[in-house]
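This is what each chain is made of:
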Amino acid sequence: MKNNLFVLCLLVFGSVMLNAQKMPVSYDFGEKYHDRYRYSNLVAINEDDSGGYVLVRAYYQGLILKPKGYLIEKYNSNLELVSEYNYKLKGLDFVDGFLKNGQLHLLFLNYNLDRGEYEYWVHSSPVINFNFKEKKLLSIASQEVNDAVGKNYYNRDFSRGFTTAILFDENKTGFVISTHHKKGKDNKHMIHMFDTALNKKFEYDFSDEIEEKNYAFENVTFSADLQTAYMVGKAYFKKRRFSVDERKFQYELIKVSQYGNKTQSFVDPGKYPEALYPVFVKNKLVCVGFYADRKDNRYNGIAYFDVDPNTLDIRSQKYNPFSQQFMDDKFGREEDKDIKNLVFKGVEITDEQEIFFNAEEYFVTTGLETTGAGQRIKIERYHHNDIVSVKLDANGSMEWARNINKTEVTQGDGAYASYSAYCKDGNTYFFICTAAENPQLINNERLIFKQGFSRNRNVFMISLDENGVMDYEKIIDQEEARLPLMVSMPLKDESDDKMLFYAKRGSRKQLVKVNFK
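The structure presented is a predicted model; accordingly, all values stated were derived computationally and were not measured. (Residues numbered from 1 in each chain as written. Predicted model: local features only at pLDDT ≥ 70, side-chain atom pairs only at ≥ 80, totals over all residues. Heavy atoms only, no water.)

## Quick word on the pattern of salt bridges
Summed over the entire model, instances satisfying the criterion amount to 25 salt bridges. The closest approach of N and O atoms between Asp-35 and Lys-509, which form a salt bridge, is 2.9 Å. With a gap of 474 residues between them, Asp-35 in the loop between strand 3 (33–34) and strand 4 (40–47) and Lys-509 in strand 37 (residues 508–516) connect regions that are remote in the sequence. With relative accessibility at 2%, the residue Asp-35 sits in the buried group. (Salt bridge = Lys/Arg side-chain N within 4 Å of Asp/Glu carboxyl O. Helix = DSSP H or I, 4+ residues; strand = E, 2+ residues; numbered from the N terminus. Buried < 20%, exposed > 50% of the residue type's maximum accessible area, 1.4 Å probe, protein only.)

## Re the nonpolar core
Counting residues in each nonpolar core, the largest one holds 27 residues, and the members touching the most others are Val-288, Phe-290, Ile-355, Phe-357 and Leu-392. Mapped onto this core, the elements with two or more residues apiece are strand 20 (272–281), strand 21 (284–292), strand 22 (299–307), helix 1 (324–331), strand 24 (342–349), strand 25 (355–370), strand 26 (376–392) and strand 27 (398–404). Counting residues per element, this core draws most heavily on strand 20, which supplies five residues. (Core = buried A, V, L, I, M, F, W, Y, C linked by side-chain atoms within 4.5 Å.)

## Observations regarding the packing of aromatic side chains
Inspection of the entire model under this criterion finds 37 aromatic pairs. When the ring of Tyr-236 is compared with that of Phe-249, the centres are 5.5 Å apart and the planes differ by 50 degrees; the resulting orientation is tilted. In this pair, Tyr-236 is assigned in strand 17 (residues 229–237) and Phe-249 in strand 18 (residues 249–257), connecting sequence segments 13 residues apart. No difference in accessibility class separates Tyr-236 from Phe-249, as the two residues are buried. Pairwise contacts between aromatic rings join Tyr-277, Phe-290, Tyr-299, Phe-344 and Phe-357 into one cluster. Directly above the ring of Phe-249 sits Lys-234, whose terminal nitrogen or CZ lies 4.5 Å from the centroid. Seen from the ring of Tyr-419, Lys-345 lies directly overhead, with NZ or CZ sitting 5.1 Å from the centre. (Phe/Tyr/Trp six-rings, centres within 6.5 Å; stacked < 30°, edge-to-face > 60°. Lys NZ or Arg CZ within 6 Å of the ring centre and 35° of its normal.)

## Regarding the sheet that holds strand 7 (residues 81–88)
With antiparallel pairing, four strands are arranged side by side in an open sheet as 4-5-6-7. If you trace the sheet from one side to the other, it starts and ends with strand 4 and strand 7, each paired once. Mean inter-strand twist for the sheet, computed between neighbouring axes without regard to direction, equals 20 degrees. (Pairing = 2+ DSSP bridges. Axes fitted to C-alpha atoms, helices over the stretch in contact; angles between N-to-C directions.)

## A short note on the side chain of Ser-418
Assignment of secondary structure puts Ser-418 in the loop between strand 28 (408–410) and strand 29 (420–424). Among the polar contacts made by the side chain of Ser-418, one reaches the side chain of Lys-345 at a distance of 3.1 Å. A distance of 2.9 Å separates a polar atom in the side chain of Ser-418 from a polar atom in the side chain of Glu-360. Beyond its immediate chain neighbours, meaning those up to four positions away, Ser-418 contacts Lys-345, Glu-360, His-384, Lys-406, Glu-408, Val-487 and Ser-488. (Polar contact = N/O pair within 3.5 Å; in protein donor to acceptor, adjacent residues only side chain to side chain. Contact = heavy atoms within 4.5 Å.)

## Observations concerning the environment of Ile-349
Tracing the sequence through the fold places Ile-349 in strand 24. Sequence separation between Ile-349 and Lys-282 is 67 residues, and the spatial gap between their C-alpha atoms is 9.1 Å. When residues no more than four places from it in sequence are discounted, the contact partners of Ile-349 are Val-279, Phe-280, Val-281, Glu-354 and Ile-355.

## Topic: unusual backbone geometry
Unusually for a residue other than glycine, Leu-198 sits at a positive phi of about 70 degrees. Mapped onto the fold, Leu-198 is located in the loop between strand 14 (186–195) and strand 15 (200–205). Accessibility expressed as a relative area gives 7% for Leu-198, which makes it buried. With phi around 60 degrees, Leu-226 is a residue other than glycine that occupies positive phi space. Here Leu-226 is to be found in the loop between strand 16 (213–222) and strand 17. In this structure Leu-226 comes out as buried when scored by relative accessible area, which is 14%.

## Some words on the sheet that holds strand 33 (residues 458–464)
Here we have four strands laid out as an open sheet, ordered 29-30-33-34, and antiparallel in their pairing. At either margin of the open sheet sits one strand with a lone partner, and together these are strand 29 and strand 34 (470–476). With strand direction ignored, the average angle separating the axes of adjacent strands in the sheet is 25 degrees. Inspection of the sheet shows strand 30 (residues 427–434) paired to strand 33 by seven bridges, in the antiparallel sense. Following the sheet pairing, Thr-434 is matched in strand 33 by Asn-458.

From the geometry alone we can't say anything about function, so treat these as descriptive.
Have a look at this one:
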């Protein structure tokens, strides 16, 4: 929609081989197709039951670009475009979309002005023959507010009267909708649990828990029977007085079912857990993330908590400080030693119960920009910076942590920024997209990928082996990849060891498939 302000700088520290080892991948390009919607965002990408693919794009039209509908594209297993369906729909805020048992589901949040309430709707259709049906999942009486959906990771605003969030687990087996409405003395916080067949599993009134704290949930996992949700988030204290060395929130794990709730706080003197992620490792519930030695999100290491899934008692915990190698990866000889604002991008569990996880430094800045007419308008810039990759053993001890330094800034479609990752045989592979032709070597220890001036993009792959040893290679040249890949929105098929990427610029589009050997 808006032109991307894209700056990508990748710093890789340590020993660098003159000839990078060939990455264990091959790739296929689909045919380039003409596309009549120049301005659009990819909102969902799924594999259908026949081995083909279904993609959903929100498109925008008009002198002042406004959302007009959703283009649904169907491709076969040979990356050939089979059909397109234009679902003309406007006025609703898109939340998420997914494919389940041959049905495409699109989730929306709508404010009904006549009824004075927020409504969650799902529009569903079989992908064989598109025929969308609408279903209201729930409604909440409230005045209309700006930005009702809580998307800010760090400064959630509870003063507007209504805020809501929707959370899926890693495998999209289910989702929870959190709704918090406050008007005068009325203060209502509800938690609604659904499976991805859109069956409501339970509804729980969480209002008694918000007398002293407001909750901003960030991540969720579910029990195998989808009867219990384990949500991690920030609990913001409402009335308590704070000293200068205290934070106004703490991280908590909330267990919720139709029968009640339990809470576990992660509070240790001199330790501040951050960005915790709940995951089941076989029958063990684990929360992994980061921690700081002071209150300002400046991370010092990796936190690990083994939690009893029934009582939420902490059975064991570990605080793993970042190694000197990690600090050298990130900072070199610089004096600034701050690591902050890390957001989880993925968690993988091996058969040996080892945990691999990746996170990214993410934040939003605002500024003023002068238009061609001389007007000054407020803009938001989305920053996708360093990648942090970590390996923990089965007991939560850190085997290694590596930092990949990069800086990306965009005002528009974030799908072209950031990265994607894939784990295979103990190795982690990262995909980035940049116009840099070759990295620059500085002081024999840093590799820098500069953006360059080309509109085309090379695809680079960075690998971390089972010991955390880093390598890289350009796997797709810009002469082949004439269209930039939406590198942060892939379809991962772990059963067939492949990834699918959507590539688009202007009126041209194609699919690119990467196969792991």
